[in-house]
Amino acid sequence: MKISDARVVVSSPGRNYVTLVIETGDGVIGVGDATLNGRELAVAAYLRDHVCPLLIDRDARRITDTWEYLYRGAYWRRGPVTMTAIAAVDMALWDIVGKSAGLPVHQLLGGAVRDGVMVYGHASGTDLDALEADFSAHVDQGYLAVRAQCAIPGLDSTYGVSKSGAYEPAGGSRPAQDVWDTGLYLDFAPKMMARIRDSFGDRVHLLHDVHHRLSPIEAARLGRSLEPYRMFWMEDPTPAEDQSAFKIIREATTTPIAVGEVFNSIWDCQELITNRWIDYIRTSVTHAGGITHLRRIFSLAELYGVRTGSHGPSDLSPIAFAAALHLDLTVPNFGIQEHMNHPAGAEQVFDTSAEFRDGYFHPGDEPGLGVTFDEEAAARFPYNRKYLPVNRRLDGSVHDW
Ligand code: GCO
Ligand code: MG
């Protein structure tokens, strides 16, 4: 089971994806997702120049040892580039071990503790009528949980809302410029949730993403104003790296709090979890060190009554989504999994066995992760540099995006 080849493929079937392919001497192929939106080539270079040469001749079955070797062995720790690279190796190794054992990865992780993984979809609108129509379409498709985002009246652009077609924040040869005003947002957000509850009642789980834009006391006000609408969660209320800010929000409101999509390691969320300042941890399999490390984070969270809610945007490839589903299926403290449809072209490159039915996803029972990566098809979609937007307040100063 020695690794004989490791290569990085950067492709853009509708949006950019970085894929790591690891091959063993006996011909088993494993794949991992290494996509870091807007900074893809940094991870590709880290893998190609520094990690892939180290993998040759290692035993593919020694997954934890390889993780430790790449993490501790680099001396330089954490950070999105490093942890995304390690994650891709980790996913590919779990894939290889599953394939060689003839078992789906969730069986290697102790087996399923649930029949399916509840996911939430994304509804958005350029105004409340459009949001209601999109929300209704998601309910009709079977989603039991839906996140709601709406253009804020008076602002030219709003996070999570597309002016045409599916929402995709990355674009342009220079970052697009979004605009922000906290006062307009705080006044509008409760109206948005009131409209959803009026139209759809209390049964559907309702989520909302603040995208790291408030101060702690503003987030506390938002949380209180949303209490009548019984949110499943309010996501990323404040910039996530300031962990003790969450104490202030926590003490002021019963609206559940989710955070963590920008975290890369267990140490980024240690205080948040052990102080019980959050309800859901949103670390992703790609940006937080792969299945091996995400499992550690989820276990720590379990000890403190924090549930999981992994980041699952379309800027993580179908490989990451499959890996997340395998893990979600096995953790007792699972909460919910984010789901966004991948662009149409991605189907030509990634063939996945994951299936959606009645609000739940299942990764399938194929050996490994259940995703086949077509390298020839990927070559037809060359890399296309794109940036995430930059956000500015009405006075022109930069705000968190
Ligand atoms: C989410 C996220 C995304 C991020 C995107 C950045 O909750 O899904 O906030 O919309 O903005 O993944 O690349
Ligand atoms: Mg988010």
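To start, this report covers the structure provided alongside it. Model, not experiment: these values are computed from the prediction.

Calculation notes
- Residues numbered from 1 in each chain as written.
- Chains lettered and ligands numbered in written order.
- Predicted model: local features only at pLDDT ≥ 70, side-chain atom pairs only at ≥ 80, totals over all residues.
- Heavy atoms only, no water.
- Pairing = 2+ DSSP bridges.
- Helix = DSSP H or I, 4+ residues; strand = E, 2+ residues; numbered from the N terminus.
- Axes fitted to C-alpha atoms, helices over the stretch in contact; angles between N-to-C directions.
- Contact = heavy atoms within 4.5 Å.
- Buried < 20%, exposed > 50% of the residue type's maximum accessible area, 1.4 Å probe, protein only.
- Donors = N, O, S within 2.8 Å, 3.2 Å for Na, K, Ca; no water.
- Phe/Tyr/Trp six-rings, centres within 6.5 Å; stacked < 30°, edge-to-face > 60°.
- Polar contact = N/O pair within 3.5 Å; in protein donor to acceptor, adjacent residues only side chain to side chain.

## Topic: the sheet that holds strand E3 (residues 29-33)
Ordered in space as E1-E2-E3, the 3 strands form an open sheet in which the pairing is antiparallel. Edge strands, defined here as strands with exactly one partner in the open sheet, are strand E1 (3-11) and E3. On average, each strand axis in the sheet is tilted by 20° relative to the strand beside it, whichever way the strands run. As judged from the 5 bridges shared by strand E2 (residues 17-24) and E3, these two strands associate in the antiparallel manner. Looking at E3, one finds that leucine 20 is bridged to glycine 32. Seen against the sheet, helix H1 (residues 40-55) touches E1 and E2 and runs at an angle of roughly 170° to E1.

## Concerning the pairing of strand E5 (residues 145-150)
Across the 6 residues that make up E5, a large majority, 6, are buried. The alternating pattern of E5 places Ala145, Arg147 and Gln149 and Val146, Ala148 and Cys150 on opposite faces, both of which are buried. Relative to strand E7 (residues 205-209), E5 runs parallel, the two being bridged by 3 bridges. Across the sheet, residue valine 146 finds its bridge partner in E7, namely leucine 206.

## A few points about the coordination of the magnesium ion (ligand 2)
Taken together, the protein ligands of the magnesium ion (ligand 2) are Asp209 (OD), Glu235 (OE) and Glu261 (OE), with distances of 1.9 to 2.2 Å. Mapped onto the sequence, the residues coordinating the magnesium ion (ligand 2) show the spacing D-x25-E-x25-E. Of this pair, glutamate 235 sits in strand E8 (residues 233-235) while glutamate 261 sits in the loop between strand E9 (257-259) and helix H9 (270-274), and the two are 26 residues apart along the sequence. A single burial state applies to glutamate 235 and to glutamate 261, both of which are buried.

## Side note on the packing of aromatic side chains
On inspection of all chains with the given rule, the structure shows 16 aromatic pairs. Taking the centre distance of 4.9 Å and the plane angle of 20° together, the rings of tryptophan 67 and tyrosine 71 count as stacked. Of the two residues, tryptophan 67 and tyrosine 71 are both situated in helix H2 (residues 63-72); the distance of 4 residues between them amounts to about one turn of the helix. There is no split in this pair, since tryptophan 67 and tyrosine 71 are both buried. With a centroid separation of 5.4 Å and 35° between ring planes, the pair formed by phenylalanine 350 and phenylalanine 373 is classed as tilted. In this pair, phenylalanine 350 is assigned in strand E13 (residues 350-352) and phenylalanine 373 in strand E16 (residues 371-373), connecting sequence segments 23 residues apart. On the basis of relative accessible area, phenylalanine 350 is assigned to the buried category, the value being 3%. Phenylalanine 373 sits in the buried class, given a relative accessible area of 11%.

## Describing the environment of tyrosine 159
Along the polypeptide, tyrosine 159 turns up in the loop between E5 and strand E6 (177-180). Judged by relative accessible area, tyrosine 159 falls into the buried class, the value being 10%. Separated by 62 residues in the primary sequence, tyrosine 159 and arginine 221 place their C-alpha atoms 20 Å from one another. Those residues in contact with tyrosine 159 that lie beyond four places of it in its chain are Arg147, Gln149, Tyr167, Asp209, His211, Arg213 and Trp401. Side chain to side chain, tyrosine 159 and aspartate 209 meet in a polar contact 3.1 Å long.

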